[in-house]
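Breakdown of the fold
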Amino acid sequence: MTTSTKGTRTTFTPLTVTSAINDPHDCLIITFDTSEHGDRFRFAHGQHVNLRHEFDGVDVRRSYSICSGAPDGELRIAIRQVPGGVFSTWATDELRPGSVVEVTEPTGHFTHDLDPAVARRYTFFAAGSGITPIYSMIATILATEPESQVALVYLNRTSLTSMLIDDVHDLHDRYLGRLRVAFAFTREASGSELLSGRPDRARFDALVDAGFLPADADEAFLCGPIELTDIARDALVAAGMEPASIHREIFTTKQQGTVTLAPQDVTETSVVVATGTATLNGRQSDFEVYEGDSVLDAVQRARPDAPYSCRSGVCSTCQAVVRDGQVEMAVNYGLTDDEVARGYVLTCQSTPLTDTVAVDFDA
Ligand code: FES
(Lines give C-alpha, C1' and ligand atoms only; values in the text may rest on other atoms or scores of the structure.)
Protein backbone atom coordinates (compact mmCIF):
# COMPACT_ATOMS: atom_id res chain seq x y z
CA MET A 1 0.00 0.00 0.00
CA THR A 2 1.32 3.46 -0.85
CA THR A 3 0.89 5.97 1.92
CA SER A 4 1.65 9.66 1.52
CA THR A 5 3.46 11.09 4.52
CA LYS A 6 3.86 14.71 3.38
CA GLY A 7 3.06 16.96 6.30
CA THR A 8 1.47 14.21 8.39
CA ARG A 9 4.64 13.54 10.36
CA THR A 10 5.41 17.16 11.16
CA THR A 11 2.03 18.59 12.12
CA PHE A 12 0.88 18.03 15.68
CA THR A 13 -2.81 18.63 16.33
CA PRO A 14 -4.31 19.02 19.81
CA LEU A 15 -6.82 16.19 20.29
CA THR A 16 -9.16 15.73 23.22
CA VAL A 17 -9.08 12.44 25.10
CA THR A 18 -12.56 10.88 25.19
CA SER A 19 -11.61 7.90 27.34
CA ALA A 20 -8.53 6.84 29.31
CA ILE A 21 -8.83 3.36 30.75
CA ASN A 22 -6.21 1.89 33.07
CA ASP A 23 -6.26 -1.64 31.76
CA PRO A 24 -5.21 -4.24 34.37
CA HIS A 25 -2.89 -5.75 31.76
CA ASP A 26 -0.13 -3.15 32.20
CA CYS A 27 -1.40 -0.49 29.86
CA LEU A 28 -3.44 2.66 29.45
CA ILE A 29 -5.96 2.61 26.62
CA ILE A 30 -6.73 6.05 25.22
CA THR A 31 -9.33 7.12 22.69
CA PHE A 32 -9.27 10.52 20.99
CA ASP A 33 -12.01 12.71 19.58
CA THR A 34 -11.21 13.33 15.91
CA SER A 35 -14.71 14.41 14.88
CA GLU A 36 -13.70 18.00 14.06
CA HIS A 37 -10.91 16.99 11.71
CA GLY A 38 -12.69 15.40 8.74
CA ASP A 39 -10.59 12.65 7.17
CA ARG A 40 -7.26 13.85 8.57
CA PHE A 41 -7.17 11.11 11.20
CA ARG A 42 -8.55 8.35 9.02
CA PHE A 43 -6.05 5.48 9.19
CA ALA A 44 -5.05 2.23 7.57
CA HIS A 45 -4.77 -0.89 9.74
CA GLY A 46 -1.27 -1.17 11.21
CA GLN A 47 -0.46 2.56 11.11
CA HIS A 48 0.72 4.65 14.05
CA VAL A 49 0.56 8.20 15.41
CA ASN A 50 3.18 10.23 17.25
CA LEU A 51 2.41 11.96 20.54
CA ARG A 52 4.34 14.91 21.96
CA HIS A 53 4.64 16.42 25.43
CA GLU A 54 7.13 18.84 26.95
CA PHE A 55 8.90 17.83 30.17
CA ASP A 56 10.88 20.67 31.81
CA GLY A 57 11.45 22.29 28.44
CA VAL A 58 12.39 19.03 26.70
CA ASP A 59 10.19 18.00 23.78
CA VAL A 60 9.57 14.24 24.20
CA ARG A 61 7.85 12.23 21.48
CA ARG A 62 6.58 8.68 21.31
CA SER A 63 5.10 6.56 18.52
CA TYR A 64 2.04 4.45 19.28
CA SER A 65 0.31 2.07 16.93
CA ILE A 66 -3.41 2.51 16.50
CA CYS A 67 -5.17 -0.44 18.12
CA SER A 68 -8.63 -0.31 16.62
CA GLY A 69 -10.08 -1.67 13.41
CA ALA A 70 -9.85 0.76 10.51
CA PRO A 71 -13.56 0.36 9.60
CA ASP A 72 -14.47 1.53 13.14
CA GLY A 73 -12.57 4.77 12.54
CA GLU A 74 -12.00 5.19 16.28
CA LEU A 75 -8.51 6.55 17.02
CA ARG A 76 -7.42 4.37 19.92
CA ILE A 77 -3.92 3.67 21.27
CA ALA A 78 -2.57 1.55 24.12
CA ILE A 79 0.39 2.85 26.13
CA ARG A 80 2.45 0.16 27.86
CA GLN A 81 3.26 1.20 31.43
CA VAL A 82 7.07 1.21 31.45
CA PRO A 83 8.60 1.37 34.97
CA GLY A 84 10.40 4.72 35.15
CA GLY A 85 9.25 5.63 31.64
CA VAL A 86 8.71 9.38 31.59
CA PHE A 87 6.05 9.39 28.89
CA SER A 88 4.01 6.40 30.03
CA THR A 89 4.15 7.58 33.66
CA TRP A 90 2.92 11.03 32.65
CA ALA A 91 0.16 9.55 30.50
CA THR A 92 -0.99 7.18 33.25
CA ASP A 93 -0.95 9.86 35.95
CA GLU A 94 -2.31 12.79 33.98
CA LEU A 95 -4.51 11.76 31.08
CA ARG A 96 -8.23 11.76 31.75
CA PRO A 97 -11.31 12.32 29.55
CA GLY A 98 -11.09 15.97 28.50
CA SER A 99 -7.26 16.09 28.55
CA VAL A 100 -5.68 17.49 25.39
CA VAL A 101 -2.68 15.79 23.74
CA GLU A 102 -0.69 16.79 20.66
CA VAL A 103 -0.94 14.04 18.05
CA THR A 104 0.26 13.66 14.44
CA GLU A 105 -1.91 12.24 11.71
CA PRO A 106 -1.69 8.46 11.16
CA THR A 107 1.31 7.30 9.16
CA GLY A 108 3.37 4.16 8.55
CA HIS A 109 3.71 1.39 5.99
CA PHE A 110 3.10 -1.69 8.18
CA THR A 111 -0.20 -2.27 6.41
CA HIS A 112 -1.45 -3.87 3.20
CA ASP A 113 -4.10 -3.65 0.52
CA LEU A 114 -7.40 -5.26 1.45
CA ASP A 115 -9.59 -7.09 -1.05
CA PRO A 116 -13.10 -8.13 0.05
CA ALA A 117 -13.36 -10.42 -3.00
CA VAL A 118 -10.48 -12.74 -2.07
CA ALA A 119 -10.13 -15.53 0.49
CA ARG A 120 -6.66 -15.23 1.97
CA ARG A 121 -4.91 -17.03 4.80
CA TYR A 122 -2.92 -14.88 7.19
CA THR A 123 -0.35 -15.75 9.83
CA PHE A 124 0.25 -13.25 12.63
CA PHE A 125 2.80 -13.24 15.43
CA ALA A 126 2.76 -10.57 18.14
CA ALA A 127 5.00 -10.26 21.19
CA GLY A 128 4.17 -7.85 24.02
CA SER A 129 3.06 -4.42 22.82
CA GLY A 130 3.51 -5.71 19.26
CA ILE A 131 -0.15 -6.72 19.59
CA THR A 132 -1.29 -3.12 19.02
CA PRO A 133 -0.84 -2.88 15.22
CA ILE A 134 -1.54 -6.61 14.88
CA TYR A 135 -4.91 -6.20 16.62
CA SER A 136 -5.82 -3.38 14.22
CA MET A 137 -4.81 -5.49 11.23
CA ILE A 138 -6.71 -8.58 12.32
CA ALA A 139 -9.86 -6.65 13.26
CA THR A 140 -9.77 -4.87 9.91
CA ILE A 141 -9.13 -8.00 7.84
CA LEU A 142 -11.89 -9.98 9.54
CA ALA A 143 -14.37 -7.13 9.01
CA THR A 144 -13.34 -6.39 5.43
CA GLU A 145 -12.45 -9.76 3.86
CA PRO A 146 -15.34 -12.06 4.82
CA GLU A 147 -13.70 -15.19 3.37
CA SER A 148 -10.21 -14.73 4.84
CA GLN A 149 -8.81 -16.84 7.68
CA VAL A 150 -6.42 -15.63 10.38
CA ALA A 151 -4.04 -17.47 12.73
CA LEU A 152 -2.42 -15.54 15.59
CA VAL A 153 0.26 -16.48 18.11
CA TYR A 154 0.38 -13.87 20.87
CA LEU A 155 3.43 -14.18 23.16
CA ASN A 156 3.80 -12.57 26.59
CA ARG A 157 5.46 -13.23 29.92
CA THR A 158 2.11 -13.99 31.58
CA SER A 159 -1.58 -13.49 30.89
CA LEU A 160 -1.52 -10.52 33.29
CA THR A 161 0.98 -8.66 31.10
CA SER A 162 -0.91 -9.39 27.87
CA MET A 163 -2.10 -6.04 26.52
CA LEU A 164 -5.50 -6.06 24.80
CA ILE A 165 -6.02 -9.72 25.75
CA ASP A 166 -9.73 -9.10 26.40
CA ASP A 167 -10.09 -7.43 22.99
CA VAL A 168 -8.40 -10.41 21.33
CA HIS A 169 -10.77 -12.80 23.15
CA ASP A 170 -13.75 -10.68 22.01
CA LEU A 171 -12.52 -10.73 18.43
CA HIS A 172 -12.07 -14.49 18.60
CA ASP A 173 -15.63 -14.96 19.89
CA ARG A 174 -17.01 -12.63 17.24
CA TYR A 175 -15.28 -14.40 14.35
CA LEU A 176 -15.46 -18.01 15.51
CA GLY A 177 -14.10 -20.30 12.82
CA ARG A 178 -12.15 -17.54 11.05
CA LEU A 179 -9.74 -16.44 13.79
CA ARG A 180 -7.54 -18.98 15.53
CA VAL A 181 -5.59 -17.61 18.52
CA ALA A 182 -2.80 -19.27 20.52
CA PHE A 183 -1.73 -17.44 23.68
CA ALA A 184 1.89 -18.29 24.49
CA PHE A 185 3.60 -17.40 27.77
CA THR A 186 7.24 -17.47 28.83
CA ARG A 187 6.53 -17.48 32.59
CA GLU A 188 3.14 -19.10 32.90
CA ALA A 189 1.72 -22.46 31.97
CA SER A 190 -0.48 -22.35 28.91
CA GLY A 191 -2.99 -24.85 27.53
CA SER A 192 -0.26 -26.62 25.58
CA GLU A 193 3.35 -27.40 26.46
CA LEU A 194 4.25 -25.96 23.09
CA LEU A 195 2.91 -22.57 24.17
CA SER A 196 4.84 -22.27 27.44
CA GLY A 197 8.48 -21.51 28.12
CA ARG A 198 11.50 -20.08 26.37
CA PRO A 199 10.72 -18.72 22.88
CA ASP A 200 13.75 -20.13 21.05
CA ARG A 201 14.11 -21.32 17.47
CA ALA A 202 13.16 -24.92 18.32
CA ARG A 203 9.91 -23.70 19.83
CA PHE A 204 9.08 -21.56 16.80
CA ASP A 205 9.83 -24.48 14.48
CA ALA A 206 7.43 -26.56 16.57
CA LEU A 207 4.77 -23.82 16.43
CA VAL A 208 5.07 -23.78 12.65
CA ASP A 209 4.95 -27.60 12.41
CA ALA A 210 1.90 -27.77 14.67
CA GLY A 211 0.03 -25.21 12.57
CA PHE A 212 -0.09 -22.46 15.19
CA LEU A 213 2.05 -20.34 12.83
CA PRO A 214 1.07 -21.68 9.40
CA ALA A 215 3.85 -21.30 6.83
CA ASP A 216 1.43 -21.99 3.97
CA ALA A 217 -0.34 -18.67 4.54
CA ASP A 218 -0.55 -16.05 1.79
CA GLU A 219 0.88 -13.32 4.03
CA ALA A 220 2.53 -13.21 7.45
CA PHE A 221 2.82 -10.17 9.72
CA LEU A 222 5.17 -10.17 12.71
CA CYS A 223 5.51 -7.49 15.37
CA GLY A 224 7.68 -7.41 18.48
CA PRO A 225 11.36 -7.23 19.49
CA ILE A 226 13.88 -7.82 16.71
CA GLU A 227 15.23 -11.08 18.19
CA LEU A 228 11.80 -12.73 18.34
CA THR A 229 10.62 -11.53 14.94
CA ASP A 230 13.94 -12.73 13.47
CA ILE A 231 13.34 -16.22 14.87
CA ALA A 232 9.70 -16.28 13.76
CA ARG A 233 10.64 -15.15 10.24
CA ASP A 234 13.46 -17.71 9.99
CA ALA A 235 11.15 -20.52 11.12
CA LEU A 236 8.51 -19.56 8.53
CA VAL A 237 11.11 -19.30 5.75
CA ALA A 238 12.65 -22.66 6.72
CA ALA A 239 9.17 -24.17 6.39
CA GLY A 240 8.87 -22.86 2.85
CA MET A 241 7.26 -19.43 3.14
CA GLU A 242 8.49 -16.79 0.68
CA PRO A 243 10.43 -14.03 2.49
CA ALA A 244 8.60 -11.43 0.37
CA SER A 245 5.31 -12.56 1.93
CA ILE A 246 6.58 -11.97 5.46
CA HIS A 247 6.23 -8.43 6.81
CA ARG A 248 7.38 -7.21 10.16
CA GLU A 249 7.54 -4.21 12.41
CA ILE A 250 10.13 -3.98 15.16
CA PHE A 251 9.13 -2.69 18.56
CA THR A 252 11.89 -1.60 20.88
CA THR A 253 11.90 -0.90 24.58
CA LYS A 254 14.60 1.77 24.19
CA GLN A 255 12.12 4.62 24.48
CA GLN A 256 12.57 4.96 28.24
CA GLY A 257 13.31 8.03 30.33
CA THR A 258 13.91 11.52 29.01
CA VAL A 259 16.32 11.45 26.12
CA THR A 260 18.07 14.39 24.55
CA LEU A 261 16.01 15.26 21.54
CA ALA A 262 17.97 18.21 20.25
CA PRO A 263 21.08 18.31 18.06
CA GLN A 264 24.43 18.86 19.79
CA ASP A 265 25.48 22.47 20.40
CA VAL A 266 27.73 23.96 17.75
CA THR A 267 30.90 25.51 19.22
CA GLU A 268 34.04 27.15 17.80
CA THR A 269 35.71 23.74 17.67
CA SER A 270 32.86 21.98 15.85
CA VAL A 271 33.94 20.63 12.48
CA VAL A 272 31.72 20.71 9.40
CA VAL A 273 31.96 17.36 7.59
CA ALA A 274 29.31 17.91 4.91
CA THR A 275 26.65 20.31 3.71
CA GLY A 276 23.20 19.59 2.43
CA THR A 277 19.76 20.64 1.31
CA ALA A 278 16.52 19.41 2.82
CA THR A 279 13.11 19.59 1.19
CA LEU A 280 10.37 19.64 3.81
CA ASN A 281 6.74 20.67 3.46
CA GLY A 282 7.46 22.12 0.03
CA ARG A 283 10.32 24.35 1.16
CA GLN A 284 14.08 23.87 0.67
CA SER A 285 16.60 24.65 3.42
CA ASP A 286 20.38 24.38 3.48
CA PHE A 287 22.14 22.73 6.42
CA GLU A 288 25.62 21.93 7.68
CA VAL A 289 26.55 18.53 9.10
CA TYR A 290 28.97 18.67 12.02
CA GLU A 291 31.11 15.78 13.19
CA GLY A 292 28.93 13.52 15.33
CA ASP A 293 25.67 14.68 13.74
CA SER A 294 23.10 12.46 12.16
CA VAL A 295 21.48 13.92 9.06
CA LEU A 296 18.38 14.53 11.20
CA ASP A 297 20.43 16.50 13.77
CA ALA A 298 21.86 18.66 11.00
CA VAL A 299 18.51 19.25 9.32
CA GLN A 300 16.89 20.14 12.64
CA ARG A 301 19.20 23.11 13.19
CA ALA A 302 17.88 24.65 9.99
CA ARG A 303 14.38 23.18 10.20
CA PRO A 304 13.10 22.58 13.73
CA ASP A 305 9.93 21.20 12.13
CA ALA A 306 11.83 18.15 10.80
CA PRO A 307 9.85 15.01 11.72
CA TYR A 308 11.13 12.50 14.28
CA SER A 309 9.98 10.39 17.18
CA CYS A 310 12.05 7.42 18.42
CA ARG A 311 15.48 8.54 17.12
CA SER A 312 16.52 4.89 17.28
CA GLY A 313 15.77 3.65 13.76
CA VAL A 314 12.44 2.02 14.52
CA CYS A 315 9.44 4.26 13.84
CA SER A 316 10.34 5.62 10.36
CA THR A 317 8.96 9.05 11.27
CA CYS A 318 12.24 10.66 10.10
CA GLN A 319 12.36 8.91 6.73
CA ALA A 320 13.42 10.83 3.62
CA VAL A 321 14.63 10.09 0.11
CA VAL A 322 18.25 10.86 -0.72
CA ARG A 323 18.10 12.93 -3.92
CA ASP A 324 21.81 13.67 -4.17
CA GLY A 325 24.96 12.28 -2.53
CA GLN A 326 25.19 9.22 -0.30
CA VAL A 327 24.56 8.40 3.35
CA GLU A 328 24.97 5.29 5.46
CA MET A 329 22.55 4.13 8.14
CA ALA A 330 23.82 2.80 11.48
CA VAL A 331 20.69 0.66 11.92
CA ASN A 332 17.43 0.28 10.06
CA TYR A 333 14.51 -1.42 11.76
CA GLY A 334 11.84 0.67 10.06
CA LEU A 335 12.26 0.60 6.28
CA THR A 336 11.56 -2.32 3.97
CA ASP A 337 14.16 -3.52 1.46
CA ASP A 338 11.98 -2.08 -1.29
CA GLU A 339 11.94 1.36 0.34
CA VAL A 340 15.72 1.30 0.77
CA ALA A 341 16.06 0.33 -2.90
CA ARG A 342 13.90 3.36 -3.78
CA GLY A 343 16.31 5.66 -1.93
CA TYR A 344 14.59 6.04 1.44
CA VAL A 345 16.75 6.39 4.54
CA LEU A 346 16.11 6.94 8.23
CA THR A 347 17.71 10.33 8.73
CA CYS A 348 18.11 9.79 12.50
CA GLN A 349 20.46 6.90 11.68
CA SER A 350 22.18 8.43 8.65
CA THR A 351 25.58 10.05 8.30
CA PRO A 352 26.84 11.48 4.99
CA LEU A 353 29.41 9.60 2.92
CA THR A 354 29.73 12.47 0.45
CA ASP A 355 30.56 16.16 0.86
CA THR A 356 27.04 17.18 -0.08
CA VAL A 357 23.68 15.49 0.35
CA ALA A 358 20.14 16.40 -0.60
CA VAL A 359 17.27 14.79 1.31
CA ASP A 360 13.56 15.02 0.54
CA PHE A 361 11.19 14.53 3.47
CA ASP A 362 8.14 15.12 1.25
CA ALA A 363 8.74 12.01 -0.87
S1 FES B 1 12.92 8.99 14.41
FE2 FES B 1 12.18 6.93 14.53
S3 FES B 1 13.32 5.96 12.92
FE4 FES B 1 14.17 7.95 12.98
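In the block above lies the structure referred to throughout.
Residues numbered from 1 in each chain as written. Predicted model: local features only at pLDDT ≥ 70, side-chain atom pairs only at ≥ 80, totals over all residues. Heavy atoms only, no water.

1. Digging into the side chain of T347
- Along the chain, the position of T347 falls in the loop between β16 (344-346) and β17 (350-352).
- Classification of T347 by relative accessible area gives buried; the value is 0%.
- Excluding residues within four positions of it along the chain, T347 makes contact with S294, V295, L296, C318, A320 and F361. (Helix = DSSP H or I, 4+ residues; strand = E, 2+ residues; numbered from the N terminus. Buried < 20%, exposed > 50% of the residue type's maximum accessible area, 1.4 Å probe, protein only. Contact = heavy atoms within 4.5 Å.)

2. Some remarks on the packing of aromatic side chains
- Summed over the entire model, instances satisfying the criterion amount to 10 aromatic pairs.
- For the pair F124 and F221, a centre-to-centre distance of 5.4 Å together with 20° between the ring planes defines the contact as stacked. Here F124 is found in strand β7 (residues 121-127), whereas its partner F221 is found in strand β10 (residues 219-224), with 97 residues between them in sequence. Each member of the pair, F124 as well as F221, is classed as buried.
- A network of ring pairs unites the aromatic residues F55, Y64, F87 and W90 as a single cluster.
- The ring of Y308 is capped by R61, whose NZ or CZ atom sits 3.9 Å from the centre of that ring.
- The ring of Y308 carries the charged tip of R311 above its face, separated from the ring centre by 4.8 Å. (Phe/Tyr/Trp six-rings, centres within 6.5 Å; stacked < 30°, edge-to-face > 60°. Lys NZ or Arg CZ within 6 Å of the ring centre and 35° of its normal.)

3. Description of the pattern of salt bridges
- Across all of its chains, the model carries 20 salt bridges by this definition.
- D167 is paired through a salt bridge with R76; the nearest N and O atoms lie 3.1 Å apart. Highlighted residues: D167 in helix α3 (residues 165-174) and R76 in strand β5 (residues 75-80), separated in sequence by 91 residues.
- For R76, a relative accessible area of 11% gives the class buried.
- A salt bridge links R301 to D293; the nearest nitrogen and oxygen atoms lie 2.8 Å apart.
- Ionic contacts of the salt-bridge type, sharing partners, join the residues R52, D59, R61 and E102 into one network. (Salt bridge = Lys/Arg side-chain N within 4 Å of Asp/Glu carboxyl O.)

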